[in-house]
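# Architecture at a glance
So the chains spell out like this:
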Amino acid sequence: LFTLVPAMAFAADKSETVGFSVSANLPDNQQDSGVSYFDLHMRPEQKQRLTTTVYNENAEEIKVKVEVVSASTNANGIIDYKTPDIKDETLETPLSEIAEVKTPELVIPGGKTAEAVVSIEMPEEEYDGAILGAIVLTQVKEEPESPEESAQKAQQGVYINNEYSYVVGVKLTETDIEILPAFEGVQAQPELLNYRVNVVHYIRNREAAIAKNIQMDIEIYSQNEQAVVKTSHGTVDMAPNSVMPYALMWDGEIAPGKYVSNVSMKLDDKEWNFELPFEVSAQTAQEINKESVEQ
């Protein structure tokens, strides 16, 4: 479910390392002692401090920012523990709203440790299912780039900005009642992502259940000609009470017209099928195609 590895370590060479590491201090109400994230059995109105030890492996002092993020589902069908402020209408209790960061920034001398502290307070009413999220620890860049440095990098075509974070998962449950995921289609629409034409399917998991290894099949029909114009087969995961903006890349430009997506989702012995019709106007097609990498 979680791993204690850098959430992002882009373009690091042999001389460049993360420079710090973390370790979750698992409390007595940890349900699974064999994992390195917080998997806690809680009670209504329970208050608890979660601590994570941060090790500075550098000789110099570092600063580490501490945040709490509620889990969401990203466009690739992966549970996201690092993007804040994503809340679906079915999510009653986001982790970020019942957790308070007591140490927003840690200043750690070279070769020393410090503790990140997060305080949890459960709601009054008993909660079935899982509250899911993470404690995100990110090294603060000491010296921001000057406008001249940024301009020089832009001129050279260099846009890499390394940021190192650790994500420590937090899963909170109160009861042993099994909550099963349930999926429903919200809408589909064409969008431009990374300068490529995509049809984004917004699909909701409306239950407080973690869903892993969902088999998802999509067929997009041209509604007028009843011809299949795009298919997709894949496996996705979804966070509890979240909407997945599943992006299906289009081949080339998209033509104006009416379409319908037939979506099939399978998990164990259960299956969900629904249609998501959408229309592409001539103006929308022109605007999206004009900005796409195809042009």
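Look up a bit, the structure's there.
Note that this is a predicted model, so its numbers are computed, not measured.

### Some words on a nonpolar patch on the surface
- Together, L192, Y195 and V293 make up a nonpolar patch on the protein surface, roughly 300 Å² of accessible area in all.
- Tracing the backbone shows Y195 in the loop between β13 (183-193) and β14 (196-205).

### Re the pattern of salt bridges
- If you walk through the whole model with that rule in mind, you get nine salt bridges.
- The salt bridge partner of K87 is E97, with a shortest N-O separation of 3.4 Å. Of this pair, K87 sits in the loop between β7 (79-80) and α1 (95-98) while E97 sits in helix α1, and the two are ten residues apart along the sequence. For the pair K87 and E97, one class covers both residues: exposed.
- Residue E184 pairs with R204 through a salt bridge whose shortest N-O separation is 3.0 Å. Within this pair, whereas E184 is found in strand β13, its partner R204 is found in strand β14, the two being separated by 20 residues in sequence.
- Its relative accessible area of 26% is what places E184 among the partly exposed residues.
- Overall, the relative accessible area of 9% leaves R204 in the buried class.

### Regarding the packing of aromatic side chains
- The final tally for this structure, using the stated rule, is four aromatic pairs.
- Considering the side-chain rings of F183 and W272, the 4.7 Å spacing of their centres and the 75° angle between planes classify their relative orientation as edge-to-face. One end of the pair, F183, is in strand β13; the other, W272, is in strand β19 (residues 270-280), and 89 residues separate them in sequence. Considered together, F183 and W272 belong to a single accessibility category, that of buried residues.
- Look at Y259 and F278: their rings are 5.3 Å apart centre to centre, the planes differ by 15°, and that puts the pair in the stacked class. Within this pair, whereas Y259 is found in strand β18 (residues 257-267), its partner F278 is found in strand β19, the two being separated by 19 residues in sequence. Of the two residues, Y259 and F278, neither departs from the other in class, the shared state being buried.
- Among the aromatic residues, those joined into a ring-pair cluster are W250, Y259 and F278.

Cut-off values and rules
Residues numbered from 1 in each chain as written. Predicted model: local features only at pLDDT ≥ 70, side-chain atom pairs only at ≥ 80, totals over all residues. Heavy atoms only, no water. Patch = residues over 30% accessible without salt bridge, like charges linked within 9 Å, V, L, I, M, F, W, Y side chains within 5 Å. Areas by Shrake-Rupley, 256 points an atom, 1.4 Å probe, with all protein chains shown as cover. Salt bridge = Lys/Arg side-chain N within 4 Å of Asp/Glu carboxyl O. Helix = DSSP H or I, 4+ residues; strand = E, 2+ residues; numbered from the N terminus. Buried < 20%, exposed > 50% of the residue type's maximum accessible area, 1.4 Å probe, protein only. Phe/Tyr/Trp six-rings, centres within 6.5 Å; stacked < 30°, edge-to-face > 60°.

Remember that the coordinates give geometry; whether it matters functionally is a separate question.
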